[in-house]
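# Chain and residue survey
Each chain, written out:
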Amino acid sequence: MADRVVLAYSGGLDTSVAISWIGKETGAEVVAVAIDLGQGGEDMEVVRQRALDCGAVESVVVDARDEFADEYCLPTIQANALYMDRYPLVSAISRPLIVKHIVEAARAHGGTIVSHGCTGKGNDQVRFEVGFATLAPDLSVIAPVRDYAWTREKAIKFAEDNNIPINVSKKSPFSIDQNVWGRAVETGFLEDLWNAPTKDVYDYTEDPTVNWNAPDELIVSFEAGKPVAIDGRKVTVLEAIQELNKRAGAQGVGRLDVVEDRLVGIKSREIYEAPGAMVLITAHQELEHVTLERELGRYKRQMEQRWSELVYDGLWFSPLKDALDTFVAKTQERVTGDIRLFLHGGAITVNGRRSPESLYDFNLATYDEGDTFDQSASKGFVEIHGLSSKVAAKRDLGL
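The rules behind the values
Residues numbered from 1 in each chain as written. Predicted model: local features only at pLDDT ≥ 70, side-chain atom pairs only at ≥ 80, totals over all residues. Heavy atoms only, no water. Core = buried A, V, L, I, M, F, W, Y, C linked by side-chain atoms within 4.5 Å. Buried < 20%, exposed > 50% of the residue type's maximum accessible area, 1.4 Å probe, protein only. Contact = heavy atoms within 4.5 Å. Helix = DSSP H or I, 4+ residues; strand = E, 2+ residues; numbered from the N terminus. Expected span 1.5 Å × (residues − 1). Arc of directions from axis to C-beta. Salt bridge = Lys/Arg side-chain N within 4 Å of Asp/Glu carboxyl O. Pairing = 2+ DSSP bridges. Disulfide = S-S within 2.5 Å. Phe/Tyr/Trp six-rings, centres within 6.5 Å; stacked < 30°, edge-to-face > 60°. Lys NZ or Arg CZ within 6 Å of the ring centre and 35° of its normal.

### Quick word on the nonpolar core
Ranked by internal contacts, the top residues of the largest apolar core, which has 76 residues, are F68, L89, W181, W307 and L341. When sequence neighbours within four positions are dropped, the list of residues in contact with L89 reads T76, A81, Y83, W181, W307, S308, V311 and Y312. In terms of nonpolar packing, the next biggest core, distinct from the first, is built from 28 residues, V5, A32, M44 and I142 among them.

Following this line, the structure appears as structure tokens:
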């Protein structure tokens, strides 16, 4: 019986060509697995059939939209995860879910080899292969694009020479990855850092000036760190992301132009669109400001950057990430309440907060009548708080 290769299949040029190429070069059968992460675009049945037309012995489509929202997007919200304080991990959080389903398909369909269409310059090769090594170290990996130095031109020629049924007539200048959490665009003229993005770069968001005279105000409600309602209407996590993608996207919210540090050691210019993600993270951060005790909040903010780096670097399944998840879960127990946001001109402005778990005490905070804070206690506190600095200063100044 021939070996079976289970391929992470996107439906695009590289992975379509990979089906035929793997068969010709290795003699193995290819099982194509496409994952629906809410990316939109082509009907997934069309994608499934294309894999069969390209030579796959089996083609599987997995509807993982709710799983992606509940088990990958939600932890990202609760960790307020922004790599380099800006990037909401659009692609990074999707890769471990894809890895999980590729491994499951390999077990179900007798696969001994797994494959992906990543290049050798990006982060995704690491995310896929470290994930495979963690969940299924017995499986081998083939990476045709990276290991055989494919270019777009080579892939197109192979498709033409081997009658692979894929339309390559439309040449997009960009490399695009998208799912319900956001959209990532790179290459083409964007590789010149001085070039501003043109309107054809964007798809999830409108120009921020389009609805300038029709701003949007909304309320996001959380229970234990999970978004559960928008404007009082109950929603699932997936529904919250989808609705906010539309409403925030209409206001031009969530456009990010980032020069980021890739894991392989190079800097890369990326354009991201993540309207729903940015609204949810902003709202969640604000609710934590209201409900988390000061020292817990300070420590969590330090941890969030490390969590983001681990996920960006392909270590979703690592022991440290697992331990940090336990910490995050503990911090979310009282993150319950409502945040009101104003969306306008590409910006998110928080203008209202309320929570049954609030640590805000009006009587302590007010400067008006009814103030219960004992200001006389502050004199001694200030003196003791600054005592070590005062002693060191006296020494350094020779006093």
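What follows picks up the thread again.
### Some details on helix α9 (residues 275-291)
With 17 residues, α9 extends 25 Å from end C-alpha to end C-alpha; this agrees with the ideal 24 Å at 1.5 Å per step. Of all 17 residues that make up α9, 15 are buried, and the element is covered over most of its length.

### Describing helix α11 (residues 319-331)
Between its terminal C-alpha atoms α11 stretches 19 Å, which fits the 18 Å expected from 13 residues at 1.5 Å a residue. Those residues of α11 lying buried are K321, L324, V328 and T331. Along α11, the residues classed as buried sweep out an arc of 70° about the axis, all on the same side. Of the residues in α11, the exposed ones pointing more than 90 degrees away from the buried face are P319, D322, T326 and K330.

### Focus on the pattern of salt bridges
If you walk through the whole model with that rule in mind, you get 36 salt bridges. Here D63 makes a salt bridge to R65, at a shortest N to O gap of 2.8 Å. Here R340 ties to E217 by a salt bridge, and the two come within 4.0 Å at their closest N and O atoms. Taken together, the residues span a long stretch of sequence, with R340 in strand β13 (residues 337-344) and E217 in strand β8 (residues 216-223) at a distance of 123 residues. Residues joined in a network through salt bridges with shared partners are D216, D231, R233, E243 and R247.

### Structural notes on the pairing of β8
Looking at chain direction, β8 and β13 are connected through 7 bridges and run antiparallel. Looking at the pairing, V220 lines up with I339 of β13. Sheet topology note: the β8/strand β9 (residues 226-230) ladder contains 4 bridges and is antiparallel. Across the sheet, S221 pairs through a bridge with A229, a residue of β9. Adjacent in sequence and paired antiparallel, β8 and β9 are bridged by 2 residues, among which A224 carries a positive phi angle near 50°.

### A few points about the pairing of β13
As defined by bridge partners, β13 adjoins strand β14 (residues 347-354) across 7 bridges and the pair is classed as antiparallel. Within β14, the residue paired with L341 across the bridge is V350.

### Side note on the state of the cysteines
Applying the stated criterion across every chain yields a total of 0 disulfides. The cysteine C73 is free of any disulfide, with C118 supplying the nearest cysteine sulfur at 19 Å. Free of any disulfide, C118 has its nearest cysteine sulfur in C54, 18 Å distant.

### What about the packing of aromatic side chains?
A full pass over the atoms with the stated rule returns 9 aromatic pairs. Look at Y72 and W316: their rings are 5.0 Å apart centre to centre, the planes differ by 20°, and that puts the pair in the stacked class. Of this pair, Y72 sits in helix α3 (residues 65-78) while W316 sits in the loop between α10 (294-312) and α11, and the two are 244 residues apart along the sequence. For the pair formed by Y72 and W316, the shared burial category is buried. Measuring from ring centre to ring centre gives 4.2 Å for Y87 and Y272, while their planes differ by 20°; the resulting arrangement is stacked. Placement of Y87 in the loop between α3 and α4 (94-109) and of Y272 in strand β12 (residues 267-273) is noted, with a sequence separation of 185 residues between them. Note on Y87: relative accessible area 2%, which makes it buried. Cluster of aromatic residues (ring-pair linked, three or more members): F68, Y72, W307 and W316. The residue whose ring lies beneath R127 is Y312, and the NZ or CZ to ring-centre distance is 4.9 Å. Against the face of W316 rests K321, its NZ or CZ located 3.6 Å from the ring centre.

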